[in-house]
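Chain residues, written in single-letter form:
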Amino acid sequence: MSSPPRSSPLAPKRQRGRDRVEAILTAATTVFGEKSYEAATMTEIAARASTAIGSLYRFFPTKDVLAAAVLERYGARLLHALDELVDRDPPLSPRDAAQGLLDIIQRLRTERSVVLSLLDSGITLPDGTGTLRKALIGRMSQLLARLGGSPGPHDERAVILLHLVKAIFALPQDHSLPRPAQDKEAVTMLRLYLEHAAASRRSESGVAP
């Protein structure tokens, strides 16, 4: 009697395997973005990754498992980028923090659009999107704390900052405007809110400006 297919990816133990998995995930993200989840095939993804189809199925037994892994990688990359921003020493100014957030948005915008299309296709994270959202709010709270004031367990400003970042992620790329002009406006929006939120938290925590 054959065993049922695995419902989770196989974690590689060697660097060669980890490199292959990374190539597969990169190829899958590209193919899903070009052709949609429904139209993409595992054979095409294997070819794009220069990987044997048997090797792809060894790590990712189904297309659903592969797509879920693409979601997980995006979440991990986003959190890692925010951690690097939060942990910069010395702490960033609101302007530099705003520029750092925009840099993350620009770096991950294409990947995020693929992730959103996968979610629309019914692909889900093993723990749901709530866990990632909670982690993102936590990073926003930490960033605000680094700018001034102590972090709060239920800080509505961190939630608003996250939604502002999402809104900039979702802005259409208006090619009728010069890219530098769009970027400048986005940084200004983020900077103004970061300054406001940091000042409010300092005031509430009794920290002198």
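Scope of this entry: the structure provided in the associated data block. (Residues numbered from 1 in each chain as written. Predicted model: local features only at pLDDT ≥ 70, side-chain atom pairs only at ≥ 80, totals over all residues. Heavy atoms only, no water.)

Here leucine 171 is to be found in the loop between α7 (156–170) and α8 (179–205). Residue class for leucine 171 comes out partly exposed when judged on its relative accessible area of 43%. Sequence separation of leucine 171 and glutamine 182 is eleven residues, and the distance between their C-alpha atoms is 9.9 Å. (Helix = DSSP H or I, 4+ residues; strand = E, 2+ residues; numbered from the N terminus. Buried < 20%, exposed > 50% of the residue type's maximum accessible area, 1.4 Å probe, protein only.)

Attention shifts here to the side chain of threonine 29. Assignment of secondary structure puts threonine 29 in helix α1 (residues 15–35). A polar contact is formed between the side chain of threonine 29 and the side chain of arginine 73, at a distance of 3.5 Å. The contacts of threonine 29, once residues within four sequence positions are left out, are Val70, Arg73, Glu111 and Val114. (Polar contact = N/O pair within 3.5 Å; in protein donor to acceptor, adjacent residues only side chain to side chain. Contact = heavy atoms within 4.5 Å.)

To continue, consider the pattern of salt bridges. Opposite charge on two side chains makes pairing possible when the charged atoms of those side chains draw close. Considering all chains together, one arrives at six salt bridges under this definition. Across the salt bridge formed by lysine 35 and glutamate 44, the nearest N and O atoms sit 3.1 Å from each other. (Salt bridge = Lys/Arg side-chain N within 4 Å of Asp/Glu carboxyl O.)

Our next topic: the packing of helix α5 (residues 94–120) against helix α6 (residues 129–147). At a closest axis distance of 13 Å, the pairing of α5 and α6 adopts a crossing angle of 170 degrees. Regarding the angle of α5 to α6, the classification is roughly antiparallel. Packed against α5, whose contacting residues are Pro94, Ala97, Leu101 and Leu119, the element α6 presents Thr129, Leu143 and Leu147 at the interface. Class assignment for the residues of the contact of α5 with α6 results in six nonpolar, one polar and no charged. (Axes fitted to C-alpha atoms, helices over the stretch in contact; angles between N-to-C directions. Parallel < 35°, antiparallel > 145°, perpendicular 65-115°, else oblique. Nonpolar A, V, L, I, M, F, W, Y, C, P; charged D, E, K, R; others polar.)

With the rule as written, the count across this model stands at one aromatic pair. With a centroid separation of 5.6 Å and an interplanar angle of 50 degrees, the aromatic rings of phenylalanine 32 and tyrosine 37 are classed as tilted. Here the two residues phenylalanine 32 and tyrosine 37 agree in accessibility, since each one is buried. Residue placement shows arginine 58 over the ring face of phenylalanine 59; its charged tip is 4.9 Å from the ring centre. Residue placement shows lysine 63 over the ring face of tyrosine 37; its charged tip is 4.5 Å from the ring centre. (Phe/Tyr/Trp six-rings, centres within 6.5 Å; stacked < 30°, edge-to-face > 60°. Lys NZ or Arg CZ within 6 Å of the ring centre and 35° of its normal.)

Under the criterion given, the structure shown has one cavity of 30 Å³ or more. Each pocket or cavity is described by its volume, and for the largest cavity that value is around 40 Å³. Along the walls of the largest cavity sit Leu85, Val86, Arg88, Pro91, Leu92, Leu143 and Arg146, which together make up its complete lining. (1 Å grid on protein atoms, 1.4 Å probe; cavity = no way out; pocket = protein on both sides within 12 Å on 5 of 7 lines; lining within 4 Å. Points joined across faces, edges and corners; volume = space filled by probe spheres on them.)

Attention now moves to the layout of surface pockets. Considering only enclosed or pocket space, the largest pocket measures out at about 360 Å³ in volume. Together, 19 residues line the largest pocket, and Tyr74, Arg112, Leu132, Leu136 and Lys166 are the ones closest to its centre. Elements with a contribution of two residues or more to the lining of the largest pocket: α4 (63–86), α5, α6 and α7.

A word on α5. Approximately 55 degrees is the largest bend angle found in α5, and it occurs at arginine 109. Backbone geometry just after α5 places glycine 122 at a positive phi near 95 degrees. (Bend = angle between axes of the 7 residues up to and from the residue.)

For the rest of this paragraph, the subject is the side chain of threonine 51. By the element assignment, threonine 51 lies in the loop between α2 (42–48) and α3 (53–59). At 3.1 Å, the side chain of threonine 51 forms a polar contact with the backbone oxygen of alanine 49.

A few words on α6. Helix length check: α6, at 19 residues, gives a terminal C-alpha distance of 27 Å against a target of 27 Å (1.5 Å per residue), a fit within 8%. Listed as buried for α6 are Leu132, Leu136, Ile137, Arg139, Met140, Ser141, Leu143, Leu144 and Leu147. Phi turns positive one or two residues past the end of α6, at glycine 148, with a value near 155 degrees. (Expected span 1.5 Å × (residues − 1).)

For the rest of this paragraph, the subject is the nonpolar core. Across soluble globular proteins, nonpolar side chains have a tendency to be buried as a group. With 64 residues, the main nonpolar core has Phe32, Ile45, Phe60, Leu101, Leu118, Leu161 and Leu194 as its most contacted residues. The element contributing the most residues to this core is α4, with 14 residues. Setting aside its immediate chain neighbours within four residues, leucine 161 contacts Leu101, Met140, Leu143, Leu144, Leu190, Tyr193 and Leu194. (Core = buried A, V, L, I, M, F, W, Y, C linked by side-chain atoms within 4.5 Å.)

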